[in-house]
Each structure stands twice: as C-alpha cells, then as structure tokens.
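Residues per chain, in single letters:
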2 protein chains.
Amino acid sequence: MTEKAGRMVVTPWEVSGRIDYDRLVREFGVKRIDARLKKRLERHTGPLHHLLRRDIFFAHMYLDEILDAIERGEKVYLYTGRAPSGPVHLGHAVPWMLNRWLQERLKVTLIFQIPDEEKTLFKEGVTFKDTERWTRENILDIIAMGFDPELTRIVVDTRHADLMYKTACEVASKTTASTAKALFGLKDSDNVGKYFYTCMQSVPAFLPSIIEGKPTRCLIPCAIDQDVHFRLTRDVAPRLGYPKPGTILCRFLPALSGEGKLSSSDTNIAMTDDERTVRKKVMKHAFSGGKDTVEEHRKHGGDPDADMAYQWLTFFEPDDAKLKRIHDDYKAGKILSGELKQLLVDTLVPMMRAHQARREAAGKDVEKFMIR
Amino acid sequence: MTEKAGRMVVTPWEVSGRIDYDRLVREFGVKRIDARLKKRLERHTGPLHHLLRRDIFFAHMYLDEILDAIERGEKVYLYTGRAPSGPVHLGHAVPWMLNRWLQERLKVTLIFQIPDEEKTLFKEGVTFKDTERWTRENILDIIAMGFDPELTRIVVDTRHADLMYKTACEVASKTTASTAKALFGLKDSDNVGKYFYTCMQSVPAFLPSIIEGKPTRCLIPCAIDQDVHFRLTRDVAPRLGYPKPGTILCRFLPALSGEGKLSSSDTNIAMTDDERTVRKKVMKHAFSGGKDTVEEHRKHGGDPDADMAYQWLTFFEPDDAKLKRIHDDYKAGKILSGELKQLLVDTLVPMMRAHQARREAAGKDVEKFMIR
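For clarity, every value in this text was computed on a predicted model and none was experimentally measured.

Draft legend 1. How the structure looks around the interface of chain B and chain A. Between chain B and chain A, the residue contacts involve 33 residues of the former and 33 residues of the latter. Buried area between chain B and chain A, summed over both chains or domains, comes out near 2700 Å², and the portion from carbon and sulfur atoms is 67%. Three residues stand out in chain B for area buried against chain A, namely Y165, K166 and V192 of chain B, and they jointly supply 25% of the buried area on that side. The salt bridge partner of E132 of chain A is K166 of chain B, with a shortest N-O separation of 3.3 Å. Our count for the contact surface shared by chain B and chain A stands at 14 residue pairs in polar contact (both at pLDDT 80 or more). The set of elements that each furnish at least two residues to the side of chain B that touches chain A consists of α6 (118–122), α7 (128–144), α8 (161–173), α9 (177–184) and α10 (192–212) of chain B. For the side of chain B that touches chain A, the leading source of residues is α8 of chain B, giving eight residues.

Below is the structure:
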C-alpha cells in the first residue's frame, strides 16, 4: 500500500506516516486475531506472550489451519527473516521475540531466511561487499535472541541458493510481471531482480514441504509490511502443490520520536547499543505524553497513549501488572515523563545486556545454526 | 529479432523462416569473421576447424580482444550451454564441436552451463520433473563430445545456484524490465522468471573472473540466436567490473526438410538415433537439390546449395577435398540425389556411432565434469 499524498506508506521497503491498522487489515485482506483464536492458540502454547495479549500481534491469515494441523499431530514449521543492511534495531527484534516463544512453546523448527540480495536489488549503490558484513553481524543478533540451535535453520539466499533457486523458479513461473507490478508498485524502469525477489521470499514457506517430503504447514510471524510477499505465496502455493502458509502479523514498533515504523536512523536503538547510548537516546528522543510543566503534569497527568516511552514498554515490559501500574500512575500524574523514560531504560538495559552477552558468545555457533 | 509477418524469427526460443544472416549481422550489431581474423586465430590454433574455414562460424564480437589476452599470456575461458528439454540433435552439437576444438587447441577451460530452469520458465506446463531426465541425458551427450574432463566444468543452474545466484543478482541490479522487454520481447503478462533468466545466462561469462580472482576474458562459441543474452552481458560487464565476453557465432544447421534452424521434431536427427533411423530420416526427409528425373539430373546436374544432404555435409564432413569433389560431381550430375544422401549417411553414421560409444561410457564420468 503506497499512498504518499495521504501520508501512510506500508510496503516491505517503506513504512511511514500515521499507521491506520484497521485500514491495513481491510486493504491487505487479513483477519484480526480475536479472543476465540487467542484461546485456541493458548491451548497449545500455554499463557500467551505479552505481544499477543496486548494485540501487538493483531492480525493473521490461516492461523486456524495451522492449529488444525497441530491438532492432527502434523509437523508445522515457523518462518521469519531479516534482510541485512545495518544493525538490528529493537523494532526488528519484536517479531523475533514471538518466533522464539512459539518455537519454544510448540517445539517447532524455525526457518530463518537472510535475503542478503535484497539491498543490492533495492538500494542504489549497495553491493554485496557492503551487505556481507551485516549478514555476519545480523546473524549474531539472531542467535543472541535465544533460538534453539536444534530447531533453527538459517538460510542465506546467496549461500544456500542451491536449496532455493529451483523452487523460486517454480514460483516465478506462476507470477507475472503484472502481478509483481500490482503488488509491489514496480515500474518498467525497475530492475528485473526486484521482480524476481519476491519468489525467493516464497521459498522458505515451501521448504518445510520439501524437507519433510509431504505437504507441511508453515506459520510466518512477521511485521505486517511483509504480508504482501505472502499474499503472493498463498496465491501460488496450491498451483505448485504446497499448502498455503499462515501468517501472524504485528504492528510496527513506533519510532521513539513518534509516528511510523522504527526506521534505521540515529534516534533508534540498536541491539548492540551500550547502556549510555540507550539512556541518551530514550532521554533525548522519546516523544513525551507529559504536560509542559511539572505542576500541570502532577495536576492533569500524562497521556500514555501518546507517550513513546510508555508505548515501547508495551512492547518490552512483559509484566502486565507492572505495566498497568505505570500506565495508571503516569495518567494520574504520579510518574513524571522523565521518570517514565527511566522506567523504559530500566526495562531495556537488562534485556539488551543479556542479549549482548549472548551475542558475544554467538560467533562459535554460527555454523550450527546454518541449514547446511 | 521477431518479425513473424516477414517470416524470419530469431530469438533464443524460436528460429524460423528463411534466415538472412546479413540482416542478423546488421541488426544484432555483430561483426563478420574476416580473413585477417581467421589468420590471427590460426596462429594460435593451427589449421582452422572446417566450421571456421567454411564460415559456418561466421560472426563474432571481441574475438580480437580474446586473442590480445592470449597473446599477453593471460588465461581465457570458453563458455557455452545447453537448456535441457529433449534429446540433443545434430544441430545442437555444431557449436559444441567448435568448443571442443578450441578447448583442445588453446588448452583452455570450458564452462558448460545447463540452464535447467529454462523450460519451466518458458514452456507452459513443463516442470522440473520433466527436465530432470533431460538434464541427465544431455550431460551424457556433452561428455560424449569428447571434452577434456580436466578442462571442463559443467554448471547446472539449480544445482549450482549457490555459485551463480549472487552474480545473477548483480547483473539483475543493472538490468531494467524495460531492457528485458526490448531484448526478449517480453510482456507484462510474462512471468517474472523470464525477466530474471537472462541474468543467469550472464553469470558463466563472469565466473572466469570470479574463479581467477582477477578480470579474465571469456569467449562464447554459440549459435547466433543466443547473441541477445550476451549483448546484455556486454552492456552490464563494465558496470560490474568484469571484462566484456567475446562471442563467436554460428549459423543454424538447417532442418533436413529445408529452411530454418533444426527444430526438435521427428524429422531431425538425435545424437542417440541408431543407424537405421539416421538412414531413414535422411533418405525420407532431406530436401533434394536434384532434378525431377534421373535423365534430367544426369544432363543438367543438381543444385548443392539447395540440397540439404549437401548442406549438412558442409557441417559434418571435415575433408575439404572430398566435399569439393561431392559438390562438383553433384553439380555435374555425376552423383544422384539418392547417392548424395547416402554420402551424408556415410559421414554421419561413423561419427554418431563413435559418439554413442563414448556416451555409453560417460555415465561414470558425470561427477568428474561437474564444477563441484
């Protein structure tokens, strides 16, 4: 969906403007995750992850069919991905958190795709040399998320193209240039790699069937901007004899400064930022829902819905009771904006410190995580 | 070049109509191989192959630059290919004959590409399952041509995609959909694999540089219908830091029945046809340049230029003196059309018998010929 004039832009390559999730659900043709479906999922996973409880993962396609398969005792897979282009930010890690949790709760294999050709194809002047470093670095972050090495298979598009290219060609044979233009807004002046790229995105959804030697369902937890790839995957799947993949889609972590998806700028927090940097970024850039003066704030209270520090806590503070307390206290003016920011820092820092410690040790495990 | 109304069609996927080679040279922007260039090549190869002597290989691009490189003592490579879709016919083998000869005379490595995704992308309803058999079968024919196992590297696109896909993406990043449309006559209704396909065709021209770790020239002996791929390759090469490949281009073996390229029908001769089949096809289908009655033929003589048995002899009979004798005797009415056909059979049968014997023994060598 591209609507620059109307502000909201949501494509795999650009997310900007005020995100209207109702409109995305309507226009992408996906479904809300309702109470019934949450209950059904909970029967298999135990108590839901806070990203599900809080409707940060809010939409899906074919999640029921995935649960049907699980209930029939069939193997299912997870699939998510990361196009390496720079440091991993907290926003990137949000869908990974759910992937990790689902992997642990359902004991299922996750295929983690690294489409390392993406930037060469979509960003003028970026070469594979530029991307190589980030492929290595990003894989360390993926491993540091705590995925199970026994149940995780990283596929790097260029390195493992021999496992993927044939299936990508099958997808391509069913995908016209018109379709690619309509779905991705491509023009004749765009390079042919952009046209083919989405075919490689379909492949990990079909790898489970290829690996298992029989139709095998795949669930894709990702941010909603990626949904367009899997709309195409779902369209093509039955024509190639594969089951349609399910998706479970999350909102974007808003930029600290306000609207939109967390973009890769200075004011966003990388998983490798040190404590001082995290503190500085939050303190300096987090858009505040507080009042102009302490007096007014104490009297009228702050607006947690507008406050980015609070919004980020909904993504990263797992404790519902604590979050509610913060919410109510901020609204009542008992917590000042600076204090709220500090609470975010206090949540992020230990989480990131643990991540960085795991990341430090991840280098030796890289090959263990590779699909081959 | 597509010009259905005007009869001549020359694309990598269709060759039909009366081929006007002068027009192809003009419109493809390639150069004639002239006496000077032949002499220059001969200094490196020794006496020229009959396909060069007889101008069956008649056009080129950058052959001088290839010879420059050889004279500077630089390594050069050969590259040719075969999209598996059915049995190898004699027409397919024509460029391979020159590849084999050049490999032997110049002692250079040949990269033999098998773009096994081509038919899935370009022929409705063809699956990889269909192609797999022909990939295997065609490789046996390639090996049976007598290539040097030490100096031949077969790359199968899907099997070796991990060696090729990254470079194909680099090519893709420099190739717009407009360009693909203009070069290959693609439409929006064509699948995106057709758009990307040509990028995989460029890769073996760049593999020499990648393998050697420095700019390394590559010469592509092939039929002129493939030139369009390498026009694109030459355009993209300098922008990716690779030298432009040279090409050396041959005419099409005409169909036994008359005009056009040898198409894959009943009336063409497969490398695996037995003696009886070869004889039957030649006797039954070879368009004759003879007169209507023996008497008239004896009196006025036949027309070797119109006679397909004679034309085929120009491709397959290496002995110039013998060929001239046949030419003159046929023209003088001393040889009847049936006798001329028999002379072709006598040339083909031992050649094919030797091929089939080598083919019989080729199975054990397949892996030896693979690039990896």
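On we go.
Draft legend 2. Spotlight on the sheet that holds strand β9 (residues 246–250) of chain A. Residues and elements named next belong to chain A. Taken together, seven strands build an open sheet; the order of strands is β3-β4-β9-β8-β5-β6-β7 and the sheet is mixed. Pairing within the sheet leaves two strands with one partner each, and these edge strands are β3 (31–32) and β7 (152–156). As defined by bridge partners, strand β8 (residues 217–223) adjoins β9 across five bridges and the pair is classed as parallel. Bridge assignment links A223 to a residue of β9, and that residue is C250.

Draft legend 3. Fine view of α8 of chain B. All names here are of chain B. For α8, with 13 residues, the first-to-last C-alpha span of 17 Å sits near the 18 Å given by 1.5 Å per residue. For α8, a buried count of ten out of 13 residues is recorded, marking the element as mostly surrounded by other parts of the structure. Of all the positions in α8, only A161, D162, M164, Y165, T167, A168, C169, E170, V171 and A172 are classed as buried.

Draft legend 4. Spatial organisation of the sheet that holds strand β5 (residues 76–81) of chain B. Residue and element names in this part refer to chain B. The strand order across the open sheet formed by seven strands is β3-β4-β9-β8-β5-β6-β7, and the pairing between neighbours is mixed. Where the open sheet ends on each side, the last strands, each with one partner, are β3 (31–32) and β7 (152–156). For strand β4 (residues 57–61) and strand β9 (residues 246–250), the ladder comprises four bridges, and the chain directions are antiparallel. Its bridge partner lying in β9, A59 is registered against L249.

Draft legend 5. Local environment of the packing of aromatic side chains. By the definition in use, this model includes 29 aromatic pairs over all chains. Aromatic pair W13 of chain A and F122 of chain A: ring centres 4.2 Å apart, planes at 15°, arrangement stacked. Taken together, the residues span a long stretch of sequence, with W13 of chain A in the loop between β1 (9–11) and β2 (14–16) and F122 of chain A in helix α6 (residues 118–122) at a distance of 109 residues. For W13 of chain A, a relative accessible area of 28% translates into the label partly exposed. Using a relative accessible area of 17% as the deciding quantity, one classes F122 of chain A as buried. Centroid distance Y195 of chain A to Y195 of chain B: 5.6 Å. Interplanar angle 5°. Geometry classified as stacked. Residue Y195 of chain A is located in helix α10 (residues 192–212), and its partner Y195 of chain B is located in helix α10; the two belong to separate chains. By way of ring pairs, the aromatic residues W13, F122, F184 and Y197 of chain A are connected into one cluster.

Draft legend 6. Just the domain arrangement of chain A, in detail. Residues and elements named next belong to chain A. With domains assigned, chain A is organised as domain 1 (9–252) and domain 2 (275–359). Computed from C-alpha atoms alone, the centre-to-centre distance between domain 1 and domain 2 is 30 Å. Counting from both sides, the interface comprises 16 residues of domain 1 and, opposite them, 16 residues of domain 2. Here domain 1 packs against domain 2, burying approximately 1300 Å² in sum over the two surfaces, 57% of which is carbon and sulfur. Among the residues domain 1 hides against domain 2, the three largest losses belong to R54, L90 and A144. Together they make up 45% of the total.

Draft legend 7. Molecular detail of the relation of the copies chain B and chain A. With an axial shift of 0.0 Å and an RMSD of 0.0 Å, the rotation relating chain B to chain A amounts to 180°. Read as a symmetry element, the transformation amounts to a two-fold axis. Most of the interface of chain B is mirrored in chain A: 100% of its interface residues are interface residues there too.

Draft legend 8. Helix α4 (residues 63–71) of chain A, seen in detail. Residue and element names in this part refer to chain A. Within α4, burial applies to L63, D64, I66, L67 and A69. On its buried face, α4 is in contact with α2 (35–45), β4 (57–61), β5 (76–81), β8 and β9. Backbone geometry just downstream of α4 places G73 in the positive-phi region, at approximately 80°.

Draft legend 9. Representation of the nonpolar core. By size, the foremost hydrophobic cluster in this structure holds 239 residues, and its most contacted members are F196 and L348 of chain A together with F196 and L348 of chain B. Other than its neighbours up to four places away in sequence, L348 of chain B contacts L90, I269, V278, V282, W312 and F316 of chain B.

Draft legend 10. Expanded view of the environment of R358 of chain A. All names here are of chain A. As for its position among the elements, R358 is in helix α16 (residues 337–360). Taking relative accessible area as the criterion, R358 reaches 39% and is therefore assigned partly exposed. Each C-alpha atom, one on R358 and one on I33, is 33 Å from the other, the two residues being 325 residues apart in sequence. Setting aside residues no more than four positions away along its own chain, R358 makes contact with A144, M145 and G146.

Draft legend 11. Seen up close, unusual backbone geometry. Residue and element names in this part refer to chain B. Even without being a glycine, D55 presents a positive backbone phi close to 55°. By secondary structure assignment, the location of D55 is in the loop between α3 (50–53) and β4. Phi is positive for K107, close to 55°, though the residue is something other than glycine.

What counts, and at which threshold
Residues numbered from 1 in each chain as written. Chains lettered and ligands numbered in written order. Predicted model: local features only at pLDDT ≥ 70, side-chain atom pairs only at ≥ 80, totals over all residues. Heavy atoms only, no water. Contact = heavy atoms within 4.5 Å. Buried area = accessible area lost by both parts, 1.4 Å probe. Salt bridge = Lys/Arg side-chain N within 4 Å of Asp/Glu carboxyl O. Polar contact = N/O pair within 3.5 Å; in protein donor to acceptor, adjacent residues only side chain to side chain. Helix = DSSP H or I, 4+ residues; strand = E, 2+ residues; numbered from the N terminus. Pairing = 2+ DSSP bridges. Expected span 1.5 Å × (residues − 1). Buried < 20%, exposed > 50% of the residue type's maximum accessible area, 1.4 Å probe, protein only. Phe/Tyr/Trp six-rings, centres within 6.5 Å; stacked < 30°, edge-to-face > 60°. Domains from an automatic or database assignment. Least-squares fit on C-alpha atoms with pLDDT ≥ 70 in both. Core = buried A, V, L, I, M, F, W, Y, C linked by side-chain atoms within 4.5 Å.

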